[in-house]
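So you can see what is in the structure, the chains are spelled out below.
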Amino acid sequence: MAWRFKASKYKNAAPIVPKPENCVRDICIGSYQTYGNNITTSAKFMAFNWEHAGSSLAVLPLDDSGRKSKLMPLLHAHSDTVTDMDFSPFHDGLLATGSQDCSVKIWHIPEEGLLESLLNSECAFSHKQRRVETVGFHPTANYLLHSTSYTTITLWDLMSQQELFSNSDHGDVVQSISWKRDGTLIASSAKDKQVRIIDPRTKTPCISTANSHQSIKDSRIVWLGDTNRILTTGFDAQRLRQIIIRDARNFGEIEKSLELDCSTGVLMPLYDADTGMLFLAGKGDSTIAYMEVTDKEPYLIEGIRHSGEQTKGACLVPKRALNVMQGEVNRIMQLTSNSVIPITYQVPRKTYRDFHADLYPDTPGYSSKLYPEQWVNGSNAQLAKISLDPSKRENGENPIIVHKGALEKLKQDYLNEMNETKKAPAPKMSQEKEKEVMKNELNNSVKDAIKDFGKVKPLDNKYEAEKVNVLIKNNDYINGQNQTNKAVEQAPELPPKPLPRTSRSGSVADPAEELPPKPVARPRTNSCAPVVTSVNPNMPVAGGYKPRLGPKPFSAPKFAESEAFDKVFSVPAAPGSNGVHAESEAEPEPEVSPPQSMEAEDSTTPIENVVDDQVDLCKQAGAIELRKSPEAGDMESDETEKSLSISERRKMYERSQSNMDGNTVEKPDGSPVMMKRKDSFKNRKNGDVKEEPRKSMTKQLSYDPQAARKSEAAAPKRTSTVFGRVSKFRHLKGTPAHKSFHIENVRNLSRQISGECDGFHANSARVAVPLSGPGGKIAIFELSKTGRLPDGVIPTLVQGSNIMDFQWDPFDKQRLAVACDDGIIKLWIVPESGLSEPTNTPEQEFNAHSDKIYFIKFHPTAKDVLASGSFDMTIRLWDLTTLTEKIVLKGHTDQMFSFAWSPCGNFCSTMCKDGKIRLYKPRSSDVPIREGKGPVGNRGARLVWALDGNFIVVMGFDKVSERQIMVFKSSDLNSPLNTIGLDVSPAILIPFYDEDSSTLFLTGKGDTTIYAFEVTEESPYICPLSHHRCNTLHQGLSFLPKNVCDVQTVEFAKALRLTNNAIEPLSFTVPRIKTDLFQDDLFPPTSVTWTPTLSSSEWFAGKDKPVPRTSLKPEGMENLSDCQGQPTVERTINKSASQPFIGGSHSNKFGINADIYGSAKSKQNEISKSVSNRMEVNMKLEQDEMEGVDEKEWDD
């Protein structure tokens, strides 16, 4: 019994939580379904997942604190969620990351931290078509990395960037692995409820297997230091959280099992082998348990718990970074939903003036001379231990920081060290002793050969064959047949060559350059192991499928490097091509056209367009590499190219494009020219304005590096890259109308409408509101009759059954379609003067489905075409002129949440409870032409088309019921372009998209906020605008057609908001100074959605007509652009409000005509120009006469 109550130095270690100002605050953390801890630290940095998607990482100094901006530099690591990350124990700036995009990447964090966002990794490896679950570094061997993907454990050599070992003995997903502290064995825990001990250096790697936690939920494993004990955390068959300790020498027996509670979050074990302290942080828990691990009963002794905020992730800080002079024996970095909290565990002592050596045993150091190839060949080396006593450290109490530089530099140092080791003379041995040793080796090998005589046993690898050759040569030397003693002593010792890559199915790419020959271990793989491929950008493609890693953020192209195109960009092999990319000398070079923004750009290009040009330039970087001339290899040209800036390289690229494309004439306004105040366009005539771009462009055609550098130095700062995307609608303002325009005393609102129905719908003349009570009542209110409604009975349309959905006919202000739960659709005609009494007689009705109806949607361009979706999993298209069913769309397997027509009406899309987005072309096929994965939540969803039908925006929920917005390319629904987490709320986000401004309005029933976003064609694809907050809750929101907007007050959207007892108009405007002018940059010609383009018979017959457009300009108003002396640039849709309006005269693939009014507009511009030339207009401003900064100072 004495052992049970043995006193421990650490039993009273207590958690100390710092003040909020000493924590990292105001960060954006999502909920990630991974097997990682979501945060990791070195002695200098901490790294954790950032934002909802988790594809980027925030990397901060370990002692950082305070509020963090969303614009701070990030590590843009992967194209999908980062599942795990780890810092090297021998290099505080070397970070490994694994992701759901099937890749593992190595990053070098600069010594000063991230001063700008980091985009390019040091090297990368790929697991074919399998997400990476965990990554980590070897505890004793330098540059040795492990990763797990599905059932496979893989070891990587970072120096040779090759795979050293691969094993797939696991029956299901590997959830966690842990190294023994001496680096000899691996313990793993998998979803097949088994734990295993693996020795990667034996022929049968899996040496022990045992049953583990009997639940398939997440589990974790940790090797308890240098001992033979292994600890696992998981869930038992009753889903209670469980801790198991077992001895590796008796692996099948459990030494200790402890059941804790029934929480759902997995316990993350954080173990300190020096002190035996174990911390258990559960995902989603608000407490962190502390226990001491002993080698006898009771094995686990509970200490003081910490209670605080909910945990998203946790990790231990390396012992080198602890504040030992304050009794800090461990520090936990706790990741919460909006902060990182450093929790210090301190042992209470009377004084902390002296170093308490009894609390801090020597800990393994940070230097290792053991390299991957040596470890694979059987070498083991214990790390030299260091003391944490500040008096024995160079920097005293400061943390011990180890920062060695980039991986390329480390690789060069490693090669130099290997060369010096080979050149070092070996200790000489006497001739007789040397002969005796060689003779013994030969005799032993001969005995082994005789023992295995007659057996067919292939050599394990090429090293054994080389060994036999060496023995034969040594035998010749002993007999004196080949060489003299002197020749043998001077002969260089050549290492054996590695196994050819063809025997490994092209799993790893070969090095890009010839390295000194060195032994490489042959990987032991299983037949079921998935082939793994290196996607290091510095290595050529050698085979195997490479998953696309998504679009990379912009980075400057490297012109002076010698990499080829296939070394920079990873392109997947064609299916069935054996994974090998053959190189063909006769393969033609790809044609690359100049970026469109270069051709259509004006000399007065806004700052935002310069950023867009850089993005276009990035897209052409690969083509530039292919078009390099052979003469570019000389030293002089290389030095010149290395010294060029981005803008100079872009000009060289433009010139090379014009030289190669003989028929292409470079536009005179292809490059932005800085405008100076002295020569402002405001003081010039039209002729001067036209001539200036040509002069500047002519000068650029003859390339002058010094002049280009001077021009670039004088260029204005791009505020759009510093402060984020700039939009004309960034500061939109929502204003409720005066109370006299409200409809008040609305009573008995129905709150039992199905989730697929918006619950409120309006047109320019009247609104429809469902009321509570039996019979399915819909009240109709005339917008012309505002004020307080009289008490008494409200005139309604009585359906006779429960209402499922309703919608006004977009081309008939008096017709309302209502869908009921009995499968009947009723068409009502409201009198011109409005309802005067309740009625239950519809104009028309028909049985649409045999079951309840989810939704009904009118066609956006064709009259009398209605779509209805039902519980029978079909969507039916109806011709209302004959009340007949024309088309039936199939392919759904579960409840349909939402349906939306494309702007042109040729396509439609649905969002289903099974989490899939389906895209149909109804007149061509009754099954989906495209499918993709949408939000995973099953509480409801909405979707809407955007940007000419090129994008689809989906609103839904994630697994933790957080509302999210996902943007998809309509041509590729496999993965979202961007995902934004909004908030946690049960209300489904109901969208409205304004085509002209590309503004997306979102709100839910019971919300007080109307969210506004701008949908763009470039990353991040959806940008937040100014949100509008209302004073009261609203039950519905319905936007009106564009033709009712008051453009004289710069009103670009108008809506009606339904509250608990009133209907109030809501106006969305853009603040402008010159409101007496027509803001033609905000109001392009808009689509006419209030009159039909086709009849139902024409549309069902397959005819298509472009949607007509009309100008919203009132008579008598002048254009803002005309009054400023700048011609209006024609466009059809504001695809990005931060770009000028650019439109073409042809239709896109969704059938929308972009320029049907071009001739009329050009004539109008010619008339306005001729009039303005005859009129004298004083364009001088008061500030033009003021004295300011000297002109020369702007160039500094």
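Predicted model, so just to flag it, every value in this text is computed and none were measured.

A.B. asks: Describe the overall build of the protein, with residues and values.
C.D. replies: Summing up its helical and strand segments, the protein has 17 helices and 67 strands in all. Going through the 1196 residues of the protein one by one, you find that 50% of them count as buried. Restricting the contact set of the protein to residue pairs at least 6 apart, pairs at least 24 apart contribute 58%. When the accessible area of the protein is evaluated, it comes to approximately 56,800 Å², of which 50% is carbon and sulfur surface.

A.B. asks: Tell me about the environment of Asp-758, residues and numbers included.
C.D. replies: Following the sequence through the fold, Asp-758 ends up in the loop between strand E36 (743–744) and strand E37 (761–762). Under the relative-accessibility criterion, Asp-758 is labelled partly exposed at 23%. Residues Asp-758 and Gln-807, 49 residues apart in the sequence, show an inter-C-alpha distance of 9.4 Å. Aside from chain neighbours lying at most four places away, what touches Asp-758 is Arg-942, Ile-990 and Lys-1005.

A.B. asks: Report on the side chain of Ser-998, specifying residues and quantitative values.
C.D. replies: Summarising the element assignment, Ser-998 is placed in the loop between strand E58 (990–994) and strand E59 (999–1003). Here Ser-998 falls in the buried class, since its relative accessible area comes to 0%. Side chain to side chain, Ser-998 and Tyr-993 meet in a polar contact 3.2 Å long.

A.B. asks: A description of unusual backbone geometry should follow, citing residues and the corresponding values.
C.D. replies: A cis amide bond, omega 10°, links Glu-297 with the succeeding residue Pro-298. Considering the arrangement of structural elements, one finds Pro-298 in the loop between strand E26 (287–293) and strand E27 (300–302). With an omega of 10°, the peptide bond between Ser-1019 and Pro-1020 qualifies as cis. Turning to its location among the elements, Pro-1020 is positioned in the loop between strand E60 (1009–1015) and strand E61 (1022–1024). The phi dihedral of Asp-26 is positive, around 55°, even though this residue is not glycine. For Asp-26, the position within the fold is in the loop between strand E2 (24–25) and strand E3 (39–41).

A.B. asks: Account for the sheet that holds strand E46 (residues 853–858), naming residues and giving values.
C.D. replies: Backbone hydrogen bonds are what pair the strands of a sheet, in a parallel or an antiparallel way. If you walk across this open sheet you meet the four strands as E46-E47-E48-E49, and the pairing is antiparallel. Every other strand in the sheet has two partners, leaving E46 and strand E49 (884–889) as the edge strands with one partner each. If you compare each strand with its neighbour and ignore which way they point, the axes differ by 25° on average. Note that strand E48 (residues 875–879) and E49 share five bridges and pair antiparallel. Bridged to Trp-878 within E49 is Glu-885.

A.B. asks: Run through the pattern of salt bridges, naming residues and quoting values.
C.D. replies: Taken as a whole and judged by the stated rule, the model has 35 salt bridges. Note that Glu-885 and Arg-876 form a salt bridge whose closest N and O atoms lie 2.6 Å from each other. Glu-885 gets classed as partly exposed once you look at its relative accessible area, which sits at 37%. Within this structure, Arg-181, Asp-272, Asp-274 and Lys-319 form a network of salt bridges that share partners.

A.B. asks: Quick one: what's the story with the packing of aromatic side chains, residue by residue and with numbers?
C.D. replies: One pass over the structure, following the stated rule, counts 23 aromatic pairs. Note on Phe-951 and Tyr-1021: the rings are 6.2 Å apart at their centroids and 40° apart in plane angle, and the pair reads as tilted. Of this pair, Phe-951 sits in strand E55 (residues 951–957) while Tyr-1021 sits in the loop between E60 and E61; the two residues are 70 residues apart in sequence, bridging distant segments of the chain. Of the two residues examined, Phe-951 and Tyr-1021, each falls in the buried class. Ring geometry for Phe-1039 against Phe-1068: centres 5.9 Å apart, planes inclined by 25°, an arrangement best described as stacked. With Phe-1039 in strand E63 (residues 1036–1039) and Phe-1068 in strand E65 (residues 1062–1069), the pair connects residues that are 29 residues apart, well separated along the chain. For Phe-1039, a relative accessible area of 11% puts it in the buried group.

A.B. asks: I'd like a description of the nonpolar core, backed by residues and values.
C.D. replies: The biggest cluster of nonpolar side chains holds 24 residues, and the ones touching the most others in it are Phe-279, Val-329, Ile-332 and Tyr-345. Elements supplying a minimum of two residues to this core: strand E24 (267–272), strand E25 (277–282), E26, strand E30 (328–335) and strand E31 (339–346).

A.B. asks: Now, about the environment of Tyr-854: what can you tell me, with residues and values included?
C.D. replies: Inspection of the secondary structure assignment puts Tyr-854 in strand E46. Judged by relative accessible area, Tyr-854 falls into the buried class, the value being 2%. Taking the C-alpha atoms as reference, Tyr-854 lies 9.6 Å from Ile-875; in sequence the two are 21 residues apart.

A.B. asks: Let's hear about the sheet that holds strand E5 (residues 56–61): which residues, and what values?
C.D. replies: Pairing in this open sheet of four strands is antiparallel, and the strands run E3-E4-E5-E7 from one edge to the other. The strands lining the two open edges of the sheet, one partner per strand, are E3 and strand E7 (75–76). Pairing of E5 with E7, which is carried by two bridges, proceeds in the antiparallel orientation. When the bridges of E7 are listed, Ser-56 appears paired with His-76.

A.B. asks: With reference to specific residues and values, describe the pairing of E25.
C.D. replies: Among the six residues in E25, six count as buried, and that is most of the element. Taking every second residue as pointing to the same face, both faces of E25 are buried, with Met-277, Phe-279 and Ala-281 on one and Leu-278, Leu-280 and Gly-282 on the other. Taken together, the six bridges between E24 and E25 define a ladder with antiparallel strand orientation. Bridge pairing links Pro-269 to Leu-280 in E25. Connecting E24 to the next strand, E25, in antiparallel fashion are four residues, including Gly-276 with a positive phi near 75°. In this structure, E25 lies alongside E26, joined through five bridges in antiparallel fashion. When the sheet's bridge partners are listed, Met-277 is paired in E26 with Glu-292. Hairpin connection, E25 to E26: the antiparallel pair is bridged by four residues, and Gly-284 has positive phi, about 90°.

A.B. asks: I'd love a proper account of the confidence of the model for the protein, names of residues and values included.
C.D. replies: Per-residue confidence for the protein gives a mean pLDDT of 76; residues scoring 70 or more make up 68%. Confidence drops under pLDDT 50 across residues 660–724; counting only partners more than four residues distant or on other chains, this segment forms 92 contacts. Contacts for the low-pLDDT stretch residues 1126–1154, under 50 throughout, to residues beyond four places or in other chains number 97 contacts.

A.B. asks: I'd like a description of the side chain of Asp-285, backed by residues and values.
C.D. replies: Counting through the fold element by element, Asp-285 comes out in the loop between E25 and E26. At a separation of 2.6 Å, a polar atom in the side chain of Asp-285 contacts the side chain of Arg-241. When neighbours within four sequence positions are excluded, Asp-285 is seen to be in contact with Arg-241, Ser-263, Glu-309, Gln-310 and Thr-311.

A.B. asks: Before we move on, can you summarise the environment of Leu-1058 with the specific residues and values?
C.D. replies: Relative to the helices and strands, Leu-1058 resides in strand E64 (residues 1051–1058). Overall, Leu-1058 belongs to the buried group, its relative accessible area being 2%. Those residues in contact with Leu-1058 that lie beyond four places of it in its chain are Leu-749, Phe-760, Val-769, His-1034, Gln-1035, Gly-1036 and Ile-1063.

What counts, and where the lines are drawn
Residues numbered from 1 in each chain as written. Predicted model: local features only at pLDDT ≥ 70, side-chain atom pairs only at ≥ 80, totals over all residues. Heavy atoms only, no water. Helix = DSSP H or I, 4+ residues; strand = E, 2+ residues; numbered from the N terminus. Buried < 20%, exposed > 50% of the residue type's maximum accessible area, 1.4 Å probe, protein only. Contact = heavy atoms within 4.5 Å. Areas by Shrake-Rupley, 256 points an atom, 1.4 Å probe, with all protein chains shown as cover. Polar contact = N/O pair within 3.5 Å; in protein donor to acceptor, adjacent residues only side chain to side chain. Pairing = 2+ DSSP bridges. Axes fitted to C-alpha atoms, helices over the stretch in contact; angles between N-to-C directions. Salt bridge = Lys/Arg side-chain N within 4 Å of Asp/Glu carboxyl O. Phe/Tyr/Trp six-rings, centres within 6.5 Å; stacked < 30°, edge-to-face > 60°. Core = buried A, V, L, I, M, F, W, Y, C linked by side-chain atoms within 4.5 Å. pLDDT = per-residue confidence, 0-100.

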